[in-house]
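# Analysis of the macromolecular model
Letter by letter, the chains look like this.
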Amino acid sequence: MLGEKIKKNYKSIVEKFEKKESALISLLYEIQKENNYISDGDISELSSLIDMPYSRIKSVLTFYTMFNQKKTGKYHIQVCRNLSCSMSGARNIINFIKENLKINEHEVSDDGLFSYTTVECLGACGSSPVVMINDTYYENMDEKKLRELIDKLRKE
Amino acid sequence: MKIILEKELFDIKTYITNGGYNAIKKALTMTPQSVIDEVKKSNLRGRGGAGFPTGLKWSFIPKDKSQKYVVCNSDESEPGTFKDREIIHKNPHSIIEGMIIAGYAIGATKGYIYIRGEFVREARIIEKTIYEAKESGYLGKNILNSGFDFDITVVRGAGAYICGEETALLESIEGKQGKPRIKPPFPATKGLFSSPTVINNVETLAAVPYIMIMGGEKYSRIGKEKSSGTKLFSVSGPVNKPGVYEIELGLSFKDFLENYLMGMKDGVKLKAVIVGGSSVPVITADEAMKVNLDYESLSQAGTMLGSGGMIIIGDNQCMVEALYILARFYHHESCGQCTPCREGTGWIYKLLSEILSGKCKEKDIDLLYEIAENMMGRTICPLADALSMPVMSFVKKFRNEFDKHIEGSCEICQR
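What this report covers is the structure whose coordinates are included nearby. None of the values given here were measured: they were computed from a predicted structure. Throughout this description, residue numbers start from 1 for each chain and increase along the sequence as written. In the order they appear in the text, chains get letters beginning with A and ligands get numbers beginning with 1. The predicted origin of the model limits local features to residues at a pLDDT of at least 70 and limits the giving and counting of side-chain atom pairs to 80 or more, whereas totals for whole chains, interfaces and linings rest on all residues. With hydrogens and water stripped out, all remaining heavy atoms of the structure feed into the side-chain values.

What follows is about the packing of aromatic side chains. All names here are of chain B. Only rings of Phe, Tyr and Trp enter the pairing, Trp through its six-membered ring, and a pair is recorded when the two centres are within 6.5 Å. The plane angle decides the type: under 30 degrees is stacked, over 60 is edge-to-face, the rest tilted. Here the structure, examined in full by the defined rule, presents 20 aromatic pairs over all chains. With a centroid separation of 4.0 Å and an interplanar angle of 10 degrees, the aromatic rings of tyrosine 21 and tyrosine 138 are classed as stacked. In this pair, tyrosine 21 sits in the loop between α1 (12–17) and α2 (22–29) while tyrosine 138 sits in the loop between α7 (120–135) and β3 (151–156), placing the two residues 117 residues apart along the sequence. With centroids separated by 5.4 Å and ring planes inclined at 25 degrees, the aromatic side chains of tyrosine 324 and tyrosine 349 adopt a geometry described as stacked. Here the residue tyrosine 324 occupies a position in helix α14 (residues 319–333), and tyrosine 349 occupies one in helix α15 (residues 339–356), the gap between them amounting to 25 residues. Members of the aromatic cluster, connected to one another through ring pairs, are Phe233, Tyr245, Phe256 and Tyr260. A run of DSSP states H or I qualifies as a helix once it reaches four residues; a run of E qualifies as a strand once it reaches two. Both are numbered from the N-terminal end.

On to the pairing of strand β2 (residues 110–115) of chain B. All names here are of chain B. Along β2, six of the six residues are buried, which leaves the element largely enclosed by surrounding structure. Accessible area is worked out with a 1.4 Å probe on protein chains only. A residue is then buried under 20% of its type maximum, exposed over 50%, and partly exposed in between. Side chains of β2 alternate between two faces, with Lys110, Tyr112 and Tyr114 and Gly111, Ile113 and Ile115 buried alike. What makes two strands pair is DSSP finding at least two bridges between them. Where strand β1 (residues 69–74) meets β2, six bridges bridge the pair, whose relative direction is parallel. Looking at β2, one finds that valine 71 is bridged to tyrosine 112.

This brings us to the interface of chain A and chain B. Contacts between residues were defined by any pair of non-hydrogen atoms, one from each residue, lying within 4.5 Å. In this assembly, 35 residues from chain A lie in contact with 54 residues from chain B. Among the residues chain A hides against chain B, the three largest losses belong to Glu18, Phe63 and Leu83 of chain A. Together they make up 18% of the total. When a carboxyl oxygen of Asp or Glu is within 4 Å of a side-chain nitrogen of Lys or Arg, the pair counts as a salt bridge. Joining chain A to chain B, the criterion identifies four salt bridges. Close ionic contact of glutamate 321 of chain B with arginine 91 of chain A constitutes a salt bridge, the shortest N to O distance being 2.6 Å. For this analysis, a polar contact is any N or O atom pair within 3.5 Å, provided that within protein one partner can donate a hydrogen and the other can accept it, and provided that sequence-adjacent residues contribute only side-chain to side-chain pairs. Viewed at the interface, chain B and chain A are joined by 19 residue pairs in polar contact (both at pLDDT 80 or more). Accessible area, probed at 1.4 Å, shrinks when two parts are joined; the buried area is that loss added up over both.

Locating serine 278 of chain B in the fold gives a position in the loop between β7 (270–274) and β8 (283–284). Residue serine 278 of chain B is classed as buried on the basis of its relative accessible area of 0%.

What follows concerns the state of the cysteines. Counting rule for disulfides: a pair of cysteine sulfur atoms within 2.5 Å. If you walk through the whole model with that rule in mind, you get zero disulfides over all chains. Looking at the unpaired cysteine 85 of chain A, the closest cysteine sulfur is the one in cysteine 80 of chain A, lying at 3.6 Å. A disulfide-free cysteine, cysteine 335 of chain B has its sulfur positioned 6.3 Å from the sulfur of cysteine 338 of chain B, the nearest such atom. On the accessibility criterion, cysteine 335 of chain B (18% relative accessible area) is buried.

What follows deals with helix α6 (residues 92–106) of chain B. Residues and elements named next belong to chain B. In this model, α6 (15 residues) spans 22 Å end to end at C-alpha, consistent with the 21 Å of a helix rising 1.5 Å per residue. For α6, the buried fraction is high: 15 of the 15 residues fall into the buried class. Immediately beyond the C-terminal end of α6, within one or two residues, lies glycine 107, with a positive phi of roughly 80 degrees. Each residue after the first adds 1.5 Å to the expected span of a helix.

Attention now moves to unusual backbone geometry. Excluding glycine, residues mostly have negative phi values, and the peptide bonds linking residues are mostly trans. Along the chain, lysine 183 of chain B connects to proline 184 of chain B via a cis peptide bond; the corresponding omega equals -5 degrees. Residue position: proline 184 of chain B is located in the loop between α8 (166–173) and β4 (197–201). Here the amide bond leading from proline 184 of chain B into proline 185 of chain B is cis, since omega sits at 0 degrees, within 30 degrees of zero. Following the sequence through the fold, proline 185 of chain B ends up in the loop between α8 and β4. Phi at histidine 106 of chain A takes a positive value of approximately 70 degrees, unusual for a residue other than glycine. Along the chain, histidine 106 of chain A turns up in the loop between α6 (90–101) and β2 (114–119).

Overall, the coordinates contain 37 salt bridges over all chains when judged by the stated rule. Ionic pairing is found between arginine 85 of chain B and glutamate 139 of chain A, a salt bridge with its closest N-O pair at 2.6 Å. You can see arginine 85 of chain B sitting in helix α5 (residues 83–90) and its partner glutamate 139 of chain A sitting in the loop between β4 (136–138) and α7 (143–155), one on each of two chains. With relative accessibility at 8%, the residue arginine 85 of chain B sits in the buried group. By relative accessible area, which is 27% here, glutamate 139 of chain A ends up partly exposed. Where arginine 399 of chain B meets aspartate 366 of chain B, a salt bridge forms, and the shortest distance between an N and an O atom there is 3.0 Å. One end of the pair, arginine 399 of chain B, is in helix α18 (residues 399–407); the other, aspartate 366 of chain B, is in helix α16 (residues 363–375), with 33 residues separating them in the sequence. Look at arginine 399 of chain B and you get partly exposed, because its relative accessible area is 23%. Its relative accessible area of 39% is what places aspartate 366 of chain B among the partly exposed residues. Look at the salt bridges and you will find they share partners, linking Lys83, Asp84, Glu203 and Lys231 of chain B into a network.

What follows is the structure, given as structure tokens:
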């Protein structure tokens, strides 16, 4: 079910763009922000709201990796594992998350707080390894920094 | 010599105090054609990777009254590349001013900045920068009472490397899957919403205001004859000072490594360098020590300047594993519309995982090379080539490491 916010705001988002189609990615981001992930039901509702075929929206949704089709944790951790991050210890970061949060990739921790996925190049290779938690980059990461960060997020 | 990153000019006040927006004032007193000529004279080449002459690209736009677009490619996603992010952090107004000048030169009233989805903070910075420029009358209707209108819309990507390819980027702005278009028609005649469109990289556009102020001729004298100007290199890997450096083109790699990156980290020996982003052919340490960082010298050495995303590889990194990581990336990012790329990147990735775990025979290394050779130049966009080039160069130059994996005797992986 689409949230109240998007139902109220979708018009103003569409209006920011010259053509309605260009607003699609922005609208999907808004739905994800409100609902945590985007369900098939959300796509149907959006389809009638903006008068765009369901298949068109679904094709875009599934093409781009930043849209989640399954529930994620309150804090969704994306760990870069491309070459530069790999050379500077991405594997340790991934192992730390698995052991410490007791989750595998795409799983949500029992308390609903954390989930993680590996990603390819976040474009901050000079300060690798890099992880992204929700909208924020954390650079030059190591296990100690990540432990502190996770403890902090747990308390929030 | 630094131009774009000489000073931190984050807000509009500092930018203007340091001569910002004088370039658009100057451009507006010139004819659009003479603005294009000035950029041509500068010999500025596209900084996104392909190195196409910017002035020439602008001159392809038809000179009629139809709707045209300027698009800034800020989808920085090539592994090893993080220079545009630095420009957005330190000198965002130069990008906006460059776009306005490009718009004036080609007769466009609308611009788009396409920024990769992960750059949430950077997208906010750009929105703020556009707001400041509008408030001060540099963007919007009737800019500086010249009668010229120009506005910019920001579109965020959502995690697809392929959208850095210019026609895939246009598809994405049009709210579709980011799949590259067959060319021709080229964007200069049929681009965004089927209108003539110029697509330039962030770094290219950021250089434009400085070219307008100093004059194309003077800019062309910086660096080397066919590689004029400064270039940003983003460096990662086991060096003492990784980061973004703006240097005059033509500097020797040896000088760059020793005096800018402050050498290799203790105990690590240089083994290989990927000079211009993960898609360019790798060069060995010996080759790297002989090259200069400019388009010609690197092309003579069999590689490319590319995006300037330099990945330094030390002797503690297995080359088979490094290539495996790159293959996984390109396989994941292939949009899937061309068979040689969709199947080829997958096949290479599978072969490399098997070689890595010692499950292959020697002939599989030849097969790996052959697949890469067969993918090259046979697809709509260069993504297939972007994996072919690393595969062929890694196999050619580091064959012994592949052989060791077949024998099960790689010392690095066993550590």
